[in-house]
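Chains, contacts and geometry: an overview
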Amino acid sequence: MIEVKHLTKRYGRVTAVDDVSFRVEKGEILGFLGPNGAGKTTTMRVLTGYMPPTEGSAVVAGFDILEQPLEAKRRTGYLPETPPLYPELTVREYLTFCARITGVPRREREARVKASMEKARVADMANRHCGKLSKGYKQRVGLAQAILHNPDVLILDEPTAGLDPKQIIETRELIKGLAGDHTVILSTHILPEVSQTCQRVVIINKGRVVAIDTPDALTARMQGHQSMYVQVDAGGADATATFCALPGVVQVQRADVRGALVGYEVEGEPGRDVRRDIAHAVVTRGWGLLELRPMRVSLEDVFLSLTTEDAQEVRRG
Amino acid sequence: MANTLAIAGKELRSYFASPIAYVVIGLYALLFGYFFLLFLTAFAEQSMRMAAMGMNQPVNVNQMMIRPMLGNMSVIGLFILPMLTMRAYAEEKRSGTFELLLTAPLTDLQIVLGKFLGSLSLYTIMLAVSSLNVLLLFWWGNPEWRQVATSYLGLFFIGASFIALGLFISSLTKNQIVAGIITFAVALILWVISWVGDSAGELGRAIVSGLSVIEHYDDFSKGVVDTKHVVYYLSFIAFGLFLTVKSVDSERWRG
């Protein structure tokens, strides 16, 4: 549905997007993840035909964005980073205008505007001026605009920015509901969002793609070593040496200290469960074992390790 | 065409949803009314003086009143129209709505034409409101309507030219105040350029009066529709729109 090939965008000497290639299949939700300034917005702007790429090409909904831009745009819904609203128009006027310029036939206009307002849950604000809406409503009116003409492809630049937690959940559900009929690319720097909504993730940093995979596969990729978190009450004694002496333990670090309670991160050899030995060691010394759990590598760790120069430092840090 | 009209309609709606339309139309009508009153009083006085002197020939209301009055209004347009056009692109760029237009299935020409038609419609409304004053003259007097019509055609062309200029300048910046001031300055230069007079030499004068937006209006105000002037205004407008299309296009490349 979307195919990006060797896309490069330079602003003068600055390369914002550098040789990016990926595919999105029909009905899929692709998460576009990266720190601020990584090139997410630029990539999306190229895909929506806002600006042409310096090099490379992209096909959206079967149409090359450079050769048949109007056809591609007709099939694309786009929510930019700041919702593009006219403050002096009411929500209904605004959406009607959007319906006209995206080529929704006159007969269907009213129904489409109504349907998209309901889907984006802004129907109660239909006659309010866009400029008077709260940030959350503005964002949702922007979303209503994007889905208005029932496009094949939806490109959403940080669709949950500025929403409160409840609205974030509702918006995620809405986006999930749109997949299947629509192909969605959404950008975010909020990590849980990706694992909750997206089937695949593109991690981009400094304009380059550093990883493309499913959220689970990315997490699994990081779980080479199995780390444990152990919290003990050792009565002021340091347990580092004790844990280090255990068979199969590679590394031990003090993680946190809360009075007499000390937390350690114990890293075991791959494929070896050291929990039994840890528990035994603690109990035989007469310490209190308050917590013992495997530390799951989160997408957050994956993200940080892929987007930070000194990956190992950050993982431990 | 439908897309162009959609944008023109939105522009017009935006003008009326904000105070701009009311302020601009109101100010224009106020100034027009003021000039109307001034010229009417002067005209009435002169008519009476002529009658007292025993001249039976009635004073020509077209020559003595309507022509100089509408001539003044052409200059008022120069002051007011930059306020109409300054926000057109600058505001869209600042608020991010330009992204909406550029990612919608629209050509650059449709966007540019739509905005031009939107501003031009508001200007037409301004002219229509002001023409109520002139209609009063028809009620009590007997002016030559053809000359009034060509004068209005001239005013329409001047306004359309200033709008094309203003829209182009607005498309160059994100700051509407800057757009307004530059438009005003350039329009002013295009007006006063014909004041260089004889010092410029014969060729210089010819070039300068060829450029002056107001100079081309003169024949219209006399009741003459000369192709030369119509071509001047139309090419001025077309050139302005062409530059705007290029500027919008370059916005994509510059990002």
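My aim in this report is to walk through the structure given alongside it, one point at a time. (Residues numbered from 1 in each chain as written. Chains lettered and ligands numbered in written order. Predicted model: local features only at pLDDT ≥ 70, side-chain atom pairs only at ≥ 80, totals over all residues. Heavy atoms only, no water.)

Turning next to the pattern of salt bridges. Residues and elements named next belong to chain A. Scanning the entire structure with this criterion turns up 28 salt bridges over all chains. Note that Glu-71 is salt-bridged to Arg-74, the shortest N-O span being 3.0 Å. Separated by three residues within a single helix, Glu-71 and Arg-74 lie in helix 2 (residues 69-74), roughly one turn from each other. Of the charged contacts in the structure, one is a salt bridge between Arg-293 and Glu-291, with a shortest N-O distance of 2.7 Å. (Salt bridge = Lys/Arg side-chain N within 4 Å of Asp/Glu carboxyl O. Helix = DSSP H or I, 4+ residues; strand = E, 2+ residues; numbered from the N terminus.)

Glancing now at the pairing of strand 8 (residues 183-188) of chain A. Side chains on a regular strand alternate between the two faces of the sheet. Residues and elements named next belong to chain A. Counting buried residues along strand 8, six of its six residues qualify, which places the element largely inside the surrounding structure. Residues of strand 8 alternate between two faces, with Thr-183, Ile-185 and Ser-187 on one and Val-184, Leu-186 and Thr-188 on the opposite face, all of them buried. Bridge count for strand 3 (residues 29-33) against strand 8 is five bridges, and the pairing is parallel. Paired with Gly-31 across the two strands is Leu-186, which belongs to strand 8. Sheet analysis places strand 7 (residues 153-157) next to strand 8, joined by five bridges and oriented parallel. Paired with Ile-155 across the two strands is Ile-185, which belongs to strand 8. Running through helix 6 (residues 165-178), the crossover from strand 7 to the neighbouring parallel element strand 8 is right-handed. (Buried < 20%, exposed > 50% of the residue type's maximum accessible area, 1.4 Å probe, protein only. Pairing = 2+ DSSP bridges. Right-handed = clockwise from strand over helix to strand, strands pointing away.)

Each side of the interface is counted separately: chain A has 26 residues, and chain B has 27 residues. Overall, the association of chain A and chain B removes approximately 2500 Å² of surface from exposure, summing both partners, and the carbon and sulfur fraction of that is 63%. Arg-13 of chain B is paired through a salt bridge with Glu-93 of chain A; the nearest N and O atoms lie 2.8 Å apart. Here chain A is connected to chain B by seven residue pairs in polar contact (both at pLDDT 80 or more). Looking at the side of chain A that touches chain B, the elements that each hand over two or more residues are strand 1 (2-11), helix 2 and helix 3 (91-101) of chain A. For the side of chain A that touches chain B, the element with the most residues is helix 3 of chain A, which contributes six residues. (Contact = heavy atoms within 4.5 Å. Buried area = accessible area lost by both parts, 1.4 Å probe. Polar contact = N/O pair within 3.5 Å; in protein donor to acceptor, adjacent residues only side chain to side chain.)

Per the stated rule, a full pass over the model turns up 15 aromatic pairs over all chains. An angle of 55° between the planes, with centres 5.4 Å apart, marks the rings of Phe-22 of chain A and Phe-32 of chain A as tilted. Taken together, the residues span a long stretch of sequence, with Phe-22 of chain A in strand 2 (residues 14-24) and Phe-32 of chain A in strand 3 at a distance of ten residues. Residue Phe-32 of chain A is classed as buried on the basis of its relative accessible area, which comes to 1%. The structure contains a cluster of three or more aromatic residues connected by ring pairs, namely Phe-156, Phe-157, Phe-220, Tyr-232, Tyr-233 and Phe-236 of chain B. (Phe/Tyr/Trp six-rings, centres within 6.5 Å; stacked < 30°, edge-to-face > 60°.)

Now for the environment of Asp-238 of chain A. All names here are of chain A. Assignment of secondary structure puts Asp-238 in the loop between strand 11 (226-233) and helix 9 (240-245). Note on Asp-238: relative accessible area 44%, which makes it partly exposed. Taking the C-alpha atoms as reference, Asp-238 lies 8.5 Å from Val-262; in sequence the two are 24 residues apart. Each residue touching Asp-238, except ones within four places of it in the same chain, is listed here: Arg-254 and Tyr-264. Reaching out from Asp-238, the side chain makes a polar contact with the side chain of Thr-240 at a distance of 2.6 Å. A polar side-chain atom of Asp-238 sits 3.2 Å from a polar atom in the side chain of Tyr-264.

Residue and element names in this part refer to chain A. Within the element layout of this structure, Thr-42 appears in helix 1 (residues 40-47). Owing to a relative accessible area of 9%, Thr-42 belongs among the buried residues under this scheme. Non-local contacts of Thr-42, meaning those with residues more than four positions away in its chain, are made with Lys-9, Tyr-11, Ala-16, Val-17 and Met-51.

Here the focus is the packing of helix 7 (residues 145-170) of chain B against helix 8 (residues 176-192) of chain B. Residues and elements named next belong to chain B. Running from N to C, helix 7 and helix 8 cross one another at 140°; their axes reach a closest spacing of 9 Å. Judged on the interaxial angle alone, helix 8 and helix 7 are oblique. Taken as a pair, helix 7 and helix 8 cross one another with a handedness that is right-handed. Here helix 7 contributes Phe-162, Leu-165, Gly-166, Ile-169 and Ser-170 to the contact with helix 8, which in turn contributes Ala-179, Ile-182, Thr-183, Val-186, Ala-187 and Leu-190. Of the residues that constitute the contact of helix 7 with helix 8, the class distribution is eight nonpolar, three polar and no charged. (Axes fitted to C-alpha atoms, helices over the stretch in contact; angles between N-to-C directions. Parallel < 35°, antiparallel > 145°, perpendicular 65-115°, else oblique. Left-handed = near helix turned anticlockwise from the far one by under 90°. Nonpolar A, V, L, I, M, F, W, Y, C, P; charged D, E, K, R; others polar.)

What follows concerns unusual backbone geometry. Residues and elements named next belong to chain A. The backbone phi angle of His-6 is positive, close to 45°, even though this residue is not glycine. Position of His-6 relative to the elements: it lies in strand 1. A positive phi angle, near 50°, is found at Lys-206, a position not held by glycine. Note that Lys-206 resides in the loop between strand 9 (200-205) and strand 10 (208-213).

This part covers helix 6 (residues 108-140) of chain B. With 33 residues, helix 6 of chain B extends 49 Å between its outermost C-alpha atoms, agreeing within 8% with the 48 Å of an ideal straight helix rising 1.5 Å per residue. Its maximal kink placed at Leu-132 of chain B, helix 6 of chain B deviates by approximately 30°. (Expected span 1.5 Å × (residues − 1). Bend = angle between axes of the 7 residues up to and from the residue.)

It is worth spelling out the environment of Val-59 of chain A at this point. Residue and element names in this part refer to chain A. Along the polypeptide, Val-59 turns up in strand 4 (residues 55-60). Val-59 sits in the partly exposed class, given a relative accessible area of 23%. Counting along the chain gives 185 residues from Val-59 to Cys-244, while the straight-line C-alpha distance between them is 55 Å.

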